[in-house]
Amino acid sequence: MRNDDHEHQDIRDAVRALCAQFPSEYFREIDEARGYPEAFVDALTKAGWLAALIPQDYGGSGLGLTEASVIMEEINRCGGNSGACHGQMYNMGTLLRNGSEAQKRAYLPKIASGELRLQSMGVTEPTTGTDTTSLKTTAVRKGDRYVVNGQKVWISRIQHSDLMILLARTTPQSEAKKRSDGLSIFLVDLRDAIGHGLTVQPIRNMVNHETNELFFDNLEVPAENLIGEEGRGFRYILDGLNAERALIAAECIGDGYWFIDKVTRYARERIVFGRPIGQNQGVQFPIAKAYVDVEAASLMRYKACALYDAHQPCGAEANMAKLLAADASWAAANACLQFHGGYGFATEYDVERKFRETRLYQVAPISTNLILAYVAEHLLGLPRSY
Ligand SMILES: Cc1cc2nc3c(=O)[nH]c(=O)nc-3n(C[C@H](O)[C@H](O)[C@H](O)COP(=O)(O)OP(=O)(O)OC[C@H]3O[C@@H](n4cnc5c(N)ncnc54)[C@H](O)[C@@H]3O)c2cc1C
């Protein structure tokens, strides 16, 4: 008998009950219309789930990363896509860890209640990609403001955010001691910025993932919106990545279980050659292997979250969890599509939608190759390859 994960069953039950109000048809229609699951995100916000990581002092529920990961897992396991709102859960981490008390008091309670959405983070640029420290967007101090010029790409959920975390260069790389010095983080109020120095160009893409090109043309950002110290922004972003990796891993784990549940049900019911297709070992084995991989990825996710919650270093575990989970969900997705035969391609089965959604995590927010490069260099002591 399958011994499914019962960690934090109370959270699982509550999130499942909320998700049950939003059946597959809801997500299918949103996907077909390239819409935004506003009602779903509202319901999650009102129930407090997206404020899980905000301390109670600032209006959140003060849960750990473990519990937060269970929330994200359950959303994806129920057939939804946390990608529409995961930024609201973790983008505020940069502000929480590095912001001033005044900034935290001003923004965190409103983010917790959903009055403000901080769903966007602008890091990636078209000409530099994964090579983040080479990014070219500049922020130059002029009196009580910074003037921002440059370009970003793939910046998600701008249309459903009030605020965006922006990484820009404040000291030219040639003048910085280290490549990673001289970058700074700003909190950009999108309501003021769009049309006043910031232009947004949506990118239609394979997934229904709201994402955009951004063009900065002398955008003025008040100096008080600098987060932490000028020049230390890259470090601040890195500090937040472990939580993001663990949460994305959890989403992939949720996807993995969804695919496995869906395909095992189908393989039991679908009769070809006078017997269920699931009786053939050629069908059983890829599904069983994907299940093993999802379970293993889940354990690494728990290890990463436990270390994070204990304030221990968890870069290795968070990265490995993300890689294992993304690979496991992709293997589960392939098995699910394959054994649905032609029906897997019909939108009404939801398989092709989830297949597209989970494929993203081989590339974003960090590609599998870059995780392997991290493991090779930082865990195995091999020479840096780039
Ligand atoms: C739908 C979507 C939403 C996104 N949302 C956001 C967002 O909200 N904010 C944001 O800042 N970014 C966002 N991104 C960007 C995402 O993080 C990047 O696409 C990702 O980091 C890869 O960067 P790139 O696309 O420039 O690929 P590149 O850096 O050009 O790399 C391309 C491929 O080359 C390989 N590669 C590159 N360098 C190496 C190397 N040294 N060794 C081995 N292989 C290598 C990798 O396989 C990689 O996939 C999003 C992307 C997508 C598709």
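Here the residue numbers are simple positions, counted from 1 along each chain's written sequence. Whole-chain, interface and lining totals are the exception, using all residues; otherwise, since this is a predicted model, local features are given only for residues with pLDDT of at least 70 and side-chain atom pairs are given and counted only at 80 or more. To obtain the side-chain values, all non-hydrogen atoms of the structure were included, while hydrogens and water were left out.

Novice: Provide a residue-level description of the side chain of Asn76, including the pertinent values.
Specialist: For helices the rule is a DSSP run of H or I covering at least 4 residues; for strands it is a run of E covering at least 2, with both sets numbered from the N terminus onward. Here Asn76 shows up in helix α4 (residues 65–77). Look at Asn76 and you get buried, because its relative accessible area is 0%. The term polar contact refers here to a pair of N or O atoms within 3.5 Å; inside protein, the definition further demands a hydrogen-donor-capable atom paired with an acceptor-capable atom, and it admits residues adjacent in sequence only when both atoms are side-chain atoms. Polar contacts involving the side chain of Asn76 include one to the main-chain carbonyl oxygen of Glu251, which spans 3.3 Å. A distance of 3.1 Å separates a polar atom in the side chain of Asn76 from a polar atom in the side chain of Asp255. Using a 1.4 Å probe on the protein chains alone, a residue whose accessible area is under 20% of its type maximum counts as buried, one over 50% counts as exposed, and one in between counts as partly exposed.

Novice: So what's going on with the layout of surface pockets? Which residues, and what values?
Specialist: Using a grid of 1 Å spacing that covers the protein atoms alone, one calls a set of points a cavity when a 1.4 Å probe fits there but cannot get out, and a pocket when the set is open and has protein on both sides within 12 Å along at least five of seven lines; lining residues are those with an atom within 4 Å of a point. Grid points are joined across faces, edges and corners, and a volume is the space filled by probe spheres set on the points. Estimated volume of the second largest pocket: approximately 510 Å³. Lining the second largest pocket we find 24 residues, and of these Arg97, Ala243, Tyr308, Asp309 and His311 sit closest to its centre. Residue assignment for the lining of the second largest pocket shows that the elements contributing at least two residues are α5 (86–90), α6 (92–98), α9 (233–269) and α10 (281–309). Examining the composition of the lining of the second largest pocket, we find that five residues originate from one element, α9, more than from any other.

Novice: Before we move on, can you summarise the site of the ligand with the specific residues and values?
Specialist: Nearness of a residue to a molecule or strand requires only that one of the residue's heavy atoms be within 4 Å of it. Close to the ligand lie 18 residues, the nearest being Met121, Thr124, Thr130, Trp154 and Ser156. Separating a nitrogen atom of the ligand from a side-chain N or O atom of Thr124 is a distance of 2.7 Å. Contacts to the ligand include Asn369, whose side-chain N or O atom sits 3.0 Å from a nitrogen atom. When contributions to the shell around the ligand are tallied by element, the ones reaching two or more residues are β3 (145–156) and α13 (368–379). Here the element with the most residues in the shell around the ligand is β3; it accounts for three residues. Here the shell around the ligand is built from residues that sort into ten nonpolar, eight polar and no charged. Three classes are used: nonpolar for Ala, Val, Leu, Ile, Met, Phe, Trp, Tyr, Cys and Pro, charged for Asp, Glu, Lys and Arg, and polar for all others, with Gly counted as polar.

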